[in-house]
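Chain residues, written in single-letter form:
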Amino acid sequence: MRHSIERKILVPFLIIVLIPIFIIGAVSMWSSYQSEKQLKQATVQEHLTSLDRYATKLENRVNSGMISEEEAKSLIKMMINETKGLYVEEADGTLSTEGEVVQASELDWYNGEAKTSIFTERTVLTKQIEQWGWTLYHPMTFSFYSGSLPNIQKYTLLISIFTGVIAVQFTIILSYHLSKPIKNLAAFCKKIALGERTNGVDIDNRKDEIGVLSSSLKDMVETLDERNAQIDKIKKLNETILNSVHVGMVLVIEGADSVYNEAAQTMMNEDPLLKERLGKLTIHETKRRSEEIWDHKRKEEKVFYAVSYKVLGTSEKQRSIITFEDITHRRKLEQRVERMSRLASLGEMASGIAHEIRNPLAGIKTTTELLTRRLELTKDQLILTENMLLDIDRVNKIITNILQFSRPMETNPSLLKVDDTLHSLVLLMKTIADDKKVVLHHIENNTEIFVDRDHLRQILLNLILNGMNAMPDGGELILSSFQRDDDVTILISDTGVGMEDAVMEKIFDPFYTTRAEGTGLGLSIVHQLVVQNNGEIDVNSIKGKGTEFSITFPIGREEK
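Residues numbered from 1 in each chain as written. Predicted model: local features only at pLDDT ≥ 70, side-chain atom pairs only at ≥ 80, totals over all residues. Heavy atoms only, no water.

1. As for the sheet that holds strand S2 (residues 95-97)
Across the sheet, five strands lie side by side as S3-S2-S1-S5-S4; this open sheet has antiparallel pairing. The open sheet is flanked by strand S3 (100-101) and strand S4 (120-129), the only strands paired with a single partner. Taken together, the two bridges between S2 and S3 define a ladder with antiparallel strand orientation. Within S3, the residue paired with Thr97 across the bridge is Glu100. With respect to the sheet, helix H2 (residues 69-82) is in contact with strand S1 (87-89), S2 and strand S5 (134-143), its orientation differing from that of S5 by roughly 5 degrees. (Pairing = 2+ DSSP bridges. Helix = DSSP H or I, 4+ residues; strand = E, 2+ residues; numbered from the N terminus. Contact = heavy atoms within 4.5 Å. Axes fitted to C-alpha atoms, helices over the stretch in contact; angles between N-to-C directions.)

2. Thoughts on the pairing of strand S6 (residues 248-253)
The pairing of S6 with strand S10 (residues 319-326) spans six bridges and is classified as antiparallel. The residue bridging Met249 from the neighbouring strand is Thr323, located in S10. Here two bridges tie S6 to strand S7 (residues 259-260), and the two strands are oriented antiparallel to one another. Bridge pairing in S7 places Leu251 opposite Val259. Two successive antiparallel strands, S6 and S7, enclose a turn made up of five residues, where Gly255 displays a positive phi of approximately 75 degrees.

3. Examining unusual backbone geometry
Of note in this structure, Glu98 is not a glycine but carries a positive phi near 55 degrees. For Lys437, which is not glycine, the phi torsion reads 60 degrees and is therefore positive. The exposure class assigned to Lys437 is exposed, which follows from its relative accessible area of 64%. (Buried < 20%, exposed > 50% of the residue type's maximum accessible area, 1.4 Å probe, protein only.)

4. Details of the packing of helix H10 (residues 418-435) against helix H11 (residues 453-469)
As a packed pair, H10 and H11 sit with axes 11 Å apart at the nearest point and diverge in direction by 35 degrees. In this structure, H10 meets H11 at a crossing whose hand is right-handed. In this structure, H10 uses Thr421, Leu422, Ser424, Leu425, Leu428, Met429, Ile432 and Ala433 to contact H11, whose residues at the interface are Leu456, Arg457, Leu460, Leu461, Ile464, Leu465 and Met468. Residue composition of the contact of H10 with H11, by class: 12 nonpolar, two polar and one charged. (Left-handed = near helix turned anticlockwise from the far one by under 90°. Nonpolar A, V, L, I, M, F, W, Y, C, P; charged D, E, K, R; others polar.)

5. Concerning the sheet that holds strand S15 (residues 487-494)
Strands pair in a sheet through their backbones, by hydrogen bonds, and they do so in one of two ways: parallel or antiparallel. Taken in spatial order, the five strands line up as S12-S14-S15-S17-S16 in an open sheet, and their pairing is mixed. Each edge of the open sheet carries a strand with a single partner, namely strand S12 (438-442) and strand S16 (536-542). Taking each pair of neighbouring strands and ignoring which way they run, the sheet shows an average axis angle of 15 degrees. Here strand S14 (residues 475-484) pairs with S15 via eight bridges, running antiparallel. Within S15, the residue paired with Leu477 across the bridge is Asp494. The sheet strands contacting H11 are S12, S14, S15 and strand S17 (546-554), and the helix crosses S17 at an angle near 170 degrees. Of the strands in this sheet, S16 and S17 are in contact with helix H13 (residues 522-532), which crosses S16 at around 140 degrees.

6. What about the packing of helix H5 (residues 262-270) against helix H6 (residues 272-279)?
Two elements in contact, H5 and H6, have axes separated by 5 Å at closest approach and are oriented at 120 degrees. One element, H5, and the other, H6, form an angle in the oblique class. For the pair H5 and H6, contact is made by Met267, Met268 and Glu270 and by Pro272, Leu274, Lys275 and Leu278, respectively. For the contact of H5 with H6, the class distribution of residues is five nonpolar, no polar and two charged. (Parallel < 35°, antiparallel > 145°, perpendicular 65-115°, else oblique.)

7. A closer look at the packing of aromatic side chains
Applying the stated criterion across every chain yields a total of one aromatic pair. Seen from their ring centres, Trp132 and Trp134 are 5.3 Å apart, and the 55 degrees between their planes marks the pair as tilted. Of the two residues, Trp132 and Trp134, neither departs from the other in class, the shared state being buried. The ring of Trp294 has Arg277 sitting right over it, with the charged end atom 4.3 Å from the ring centre. (Phe/Tyr/Trp six-rings, centres within 6.5 Å; stacked < 30°, edge-to-face > 60°. Lys NZ or Arg CZ within 6 Å of the ring centre and 35° of its normal.)

8. Some thoughts on H11
Taking 1.5 Å of rise per residue, 17 residues should cover 24 Å, and H11 covers 24 Å from first to last C-alpha, within 8% of that figure. Listed in full, the buried residues belonging to H11 are His455, Leu456, Ile459, Leu460, Asn462, Leu463, Ile464, Gly467 and Met468. Put simply, Asp452 is the residue that caps the front of H11, since its side-chain oxygen is 3.0 Å from the backbone nitrogen of Asp454. (Expected span 1.5 Å × (residues − 1). Polar contact = N/O pair within 3.5 Å; in protein donor to acceptor, adjacent residues only side chain to side chain.)

9. What about the pattern of salt bridges?
Inspection of the entire model under this criterion finds six salt bridges. For Lys73, the salt bridge goes to Glu69, with nearest N and O atoms at 3.5 Å. Of this pair, Lys73 and Glu69 both sit in helix H2, separated by four residues, roughly a single helical turn. We classify Glu69 as partly exposed; its relative accessible area is 38%. In this structure, Glu325 and Arg330 form a salt bridge, with 3.1 Å as the shortest nitrogen-oxygen distance. (Salt bridge = Lys/Arg side-chain N within 4 Å of Asp/Glu carboxyl O.)

So, in structure tokens, the structure goes:
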């Protein structure tokens, strides 16, 4: 436990102040004690000497015959007995005091057993009366607590105590005034350490070092506040920039949780598989990679992400930053452009081939018909000729479709209600649908688009037929539409066999078909018609569950 600064100041000051007072009082007491001791010893010694002189006078009177020796001894003994605490030992060893005989063994001072303590001192003054062989003993005890010493030094003690109390009070006040500004500085620094806002140090206008320290500390805090405010502004600006971009960013920190911006959190919430893949990345994996493309299914739709890695500068903890962007829409645009380019190239090539085939094919058909009319053919020969003409018509139909696919079609767009076209097609295809055990559902949404009427019917009719053919055992075909912003999307969904990803990438290619009786030009023509009407077409399919075509056209208003 740390001691307060006030206690650290108070205790030394008390020691410095009280020790001199205590020493002065002790020296005064000791001097008085020694003076009283010497006075008492001198008094007793003078009394013993006077007894010795008196005994000498009595002996002289005995020698002159004025009194007898017994009378002299009686007189001196009377004076001895009148002195309190005075012992006399006669020549025969008899020991008495105040007229009473005492046993020497009962007197500790006589036997040398008297004890002396720190505050108590014992001594024995002796005097020989040689005339009669007597010895006088006067034991004395001196103490700080007895006698007249306390009375003598009571004023000194009172002055010392009073001075000590005043010194203690003065020391407490002094230590308080010295420690108060330091405590305020400490409290101010603690608030700063805890991040609390404060107006300054509660210190009076001082001109000493503490005042200088207080002023410097306030200036330092103001400077720190200004810099913290600037740092907060820069931090908020950086956060705003990071959270406003559409690119997801992840900061991977070794041994700590990763940090995500808002775009990353949004994309991960929408795509759990993306969140799982990002969560598995570690510092070591990011070191081995730079850029790559991720693709997977999200809500039955294939999505693409462009992912890049960058290892940040060396520090105590290794860090890497991962950026990723949803490029699904870009990828689809690239695929559309590639598809349109491929279709255009194939269309030009197919047009040239079709012209080269159609001319001799017309001659073959004309010759075959002429031979049929002029020659007498058997029944079997006639059947072979008719089959030949049917095959020629079939080839001619293919060539017609190729030419239709290769040349731009004229469009005559107008404002159409999608539900009217869908309703008429449902009525048209109901008989065929019943034969194939397909249930047609039309969900009305009252949407309008700006498109060529005949092209729209051809597009929808082709997709409806494809949907029915994809359900050999029957199923459901759903026709619906919805509006989003300035576009209207028409959906044709079936519950058929579905397609794999590899098949979906080729369905719009000319001459690609999965049906034996198909020519492979139907969806190519559909694609061309959609593009010529400023639309877009997409397909999503799950093997074994069904397929959904989505066609998007401009909203129902004429282009200016």
